[in-house]
Amino acid sequence: MGIYVSVRGWLECDEQQLAAAQEIISSHEDGHYSNGWGTPRRHVNWTHYMFYGADIRESGLDWLVHQVREMARIPANEDGDRVVGLFHASHEMDGTTEWQVREGQLFMSPVDSRHGYLDRLDE
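Structural notes, computed from the coordinates.

Rules used in this analysis
Residues numbered from 1 in each chain as written. Predicted model: local features only at pLDDT ≥ 70, side-chain atom pairs only at ≥ 80, totals over all residues. Heavy atoms only, no water. Salt bridge = Lys/Arg side-chain N within 4 Å of Asp/Glu carboxyl O. Buried < 20%, exposed > 50% of the residue type's maximum accessible area, 1.4 Å probe, protein only. Helix = DSSP H or I, 4+ residues; strand = E, 2+ residues; numbered from the N terminus. Contact = heavy atoms within 4.5 Å. Core = buried A, V, L, I, M, F, W, Y, C linked by side-chain atoms within 4.5 Å. Phe/Tyr/Trp six-rings, centres within 6.5 Å; stacked < 30°, edge-to-face > 60°. Lys NZ or Arg CZ within 6 Å of the ring centre and 35° of its normal.

**Side note on the pattern of salt bridges**
Phase 1: All chains considered together, the criterion is met by 1 salt bridge.
Phase 2: In this structure, Arg-102 and Glu-103 form a salt bridge, with 3.2 Å as the shortest nitrogen-oxygen distance.
Phase 3: Since its relative accessible area comes to 31%, Arg-102 is described here as partly exposed.

What follows is the structure, given as structure tokens:
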């Protein structure tokens, strides 16, 4: 059956950064896990949000990490703001990792027990 990783989280950006992020998603389109990306039906106020949520095979994790890293490197806007975000990736065997998108990079670290309630895979 394979090992799965439950990935969920979001990115925050401006309109031009959103367009760049959507181009990155399109360039990695796979017809399956790409469907985990989404945006609100209608934009509200100034910050744009992109969300990801899907249970993906462990073998597809690098595919997603590569995209998130590319999005993290999207240039800052005229105010100096970069794309930022937060994801949790719950691995069936290895536990949960937090992905922080900030400062033009993707930082990954194990989560602490406060977020244990999110690891309810097939309770």
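That covers the picture; the talk isn't over yet.
**A look at the environment of Gly-85**
Phase 1: Along the polypeptide, Gly-85 turns up in strand E4 (residues 84-91).
Phase 2: The class for Gly-85 is buried, based on a relative accessible area of 16%.
Phase 3: Sequence separation between Gly-85 and Ser-34 is 51 residues, and the spatial gap between their C-alpha atoms is 18 Å.
Phase 4: When neighbours within four sequence positions are excluded, Gly-85 is seen to be in contact with Trp-10, Leu-11, Trp-99, Gln-100 and Val-101.

**A short note on the nonpolar core**
Phase 1: Val-7, Trp-37, Tyr-52, Leu-64, Phe-87 and Trp-99 are the most contacted members of the largest nonpolar core, which has 27 residues in total.
Phase 2: The set of elements that each furnish at least two residues to this core consists of strand E1 (4-13), helix H1 (15-27), strand E3 (48-57), helix H2 (61-72), E4 and strand E5 (95-102).
Phase 3: In terms of residues, this core owes the most to one element, H2, which gives 7 residues.
Phase 4: Excluding anything up to four places from it in sequence, Tyr-52 contacts Val-7, Arg-8, Gly-9, Tyr-33, Gly-36, Trp-37, Trp-63, Leu-64 and Phe-87.

**A look at the packing of aromatic side chains**
Any two aromatic rings considered together are summarised by their centre-to-centre distance and by the angle between their planes.
Phase 1: This model, assessed by the stated rule, comprises 5 aromatic pairs.
Phase 2: Ring centres of Trp-37 and Tyr-52 lie 5.0 Å apart, and the angle between their planes is 65°; on these two criteria the pair is classed as edge-to-face. Placement of the pair is Trp-37 in strand E2 (residues 37-38) and Tyr-52 in strand E3, with a sequence separation of 15 residues. Across this residue pair, the class does not change: Trp-37 and Tyr-52 are buried.
Phase 3: Pairing Phe-87 with Trp-99 gives two aromatic rings, centres 5.9 Å apart and planes at 45°, and the pair type is tilted. With Phe-87 in strand E4 and Trp-99 in strand E5, this pair connects stretches of sequence that are 12 residues apart. As far as burial versus exposure is concerned, Phe-87 and Trp-99 are alike and both buried.
Phase 4: An aromatic cluster of at least three residues, connected via ring pairs, comprises Trp-37, Tyr-52, Phe-87 and Trp-99.
Phase 5: Sitting over the ring of Phe-107, Arg-102 keeps its end group 4.1 Å from the ring centre.

None of this, on its own, says anything about what the molecule does.
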